[in-house]
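Single-letter residue listing:
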Amino acid sequence: DKETRQLTEAFVFMEAELGNTIQNLDQHRRNLEDLVSRRTRELTDANASLKKSEANLKGVLSASPVGIGLVVNRELSWANEMMYKMLGYEQDSLLGRNSIVLYPDEAEFERVGEILYSQITCSEIGQAQSRWVRQDGTKFDCIIRATSLDASDPGKGQIVSVIDISELKKVEREKIKAQNIAAEQKKMALVGQIAGKMAHDFNNILGIIMGNTEVALIDCKDPSIRPTLE
């Protein structure tokens, strides 16, 4: 009977422990389900936020008045609408092509590359002025700015922005031309003033000469020198 009682107590204890274990496991299950549900909601919210940010960024880049592109190993990996509009190419038609096609010659391509990449290495941002060639062969002046997508790994590519400054250059040339014309007009006016003063001084001297000669003609008694005086 004693052994039976001890066995019964052991079974009761084990049953109680098993119940506690099941209860604890159930609680852990509920906690895990809550954690998974919370993480799922957070991930969903994060994805939604990321998609919204991507959409906003795409909208900003598409509406930008500046040509913007991603260049990897000097090949165009992506570009916004303004870049293609500026260059006269169809959307996405330049993807994967070497950017040398945008330059008038290889020398200019190399020159700009050396400037941009050396400046990026020193100060993370490079800038150069150049002339690019549109698809129809016309050239335009532009300012190119570039920075690495990942400063720790330049191999991931560079974000490049391009501004067409053709109109600005035209205005500068017209301004210089106007300044040159104004300077020439000022110089001619000064020459005119000097010439007028010289003519005035010469007329004064000539007046004295003519007056004295007329007096000499009146007083002249020798007919042989009259022709010379006249």
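Residues numbered from 1 in each chain as written. Predicted model: local features only at pLDDT ≥ 70, side-chain atom pairs only at ≥ 80, totals over all residues. Heavy atoms only, no water.

Participant: Any details on a negative patch on the surface? Residues and values, ideally.
Facilitator: Together, Asp105, Glu106, Glu110 and Glu114 give the surface a local cluster of negative charge. Mapped onto the elements of the fold, Glu110 is located in helix 3 (residues 106–123). Judged by its relative accessible area of 43%, Glu110 falls in the partly exposed class. (Patch = residues over 30% accessible without salt bridge, like charges linked within 9 Å, V, L, I, M, F, W, Y side chains within 5 Å. Areas by Shrake-Rupley, 256 points an atom, 1.4 Å probe, with all protein chains shown as cover. Salt bridge = Lys/Arg side-chain N within 4 Å of Asp/Glu carboxyl O. Lys, Arg positive; Asp, Glu negative; His and termini not counted. Charge placed at Lys NZ, Arg CZ, Asp CG, Glu CD. Helix = DSSP H or I, 4+ residues; strand = E, 2+ residues; numbered from the N terminus. Buried < 20%, exposed > 50% of the residue type's maximum accessible area, 1.4 Å probe, protein only.)

Participant: Residues and numbers for the pattern of salt bridges, please.
Facilitator: If you walk through the whole model with that rule in mind, you get six salt bridges. Two residues, Arg111 and Glu108, come together in a salt bridge whose shortest N-O distance is 2.8 Å. Of this pair, Arg111 and Glu108 both sit in helix 3, three residues apart, which is roughly one turn of that helix. With relative accessibility at 34%, the residue Arg111 sits in the partly exposed group. The salt bridge partner of Asp141 is Arg131, with a shortest N-O separation of 3.3 Å. Pair noted here: Asp141 is in strand 4 (residues 139–148) and Arg131 is in strand 3 (residues 125–133), with a separation of ten residues, a long-range link. Look at Asp141 and you get buried, because its relative accessible area is 13%. With a relative accessible area of 38%, Arg131 lands in the partly exposed category.

Participant: Lay out the packing of aromatic side chains in plain terms, naming residues and giving numbers.
Facilitator: With the rule as written, the count across this model stands at two aromatic pairs. Put simply, the rings of Tyr103, Phe109 and Trp132 pair up and form one aromatic cluster. Sitting above the plane of the Phe109 ring, Arg74 keeps its charged end 3.7 Å from the centroid. (Phe/Tyr/Trp six-rings, centres within 6.5 Å; stacked < 30°, edge-to-face > 60°. Lys NZ or Arg CZ within 6 Å of the ring centre and 35° of its normal.)

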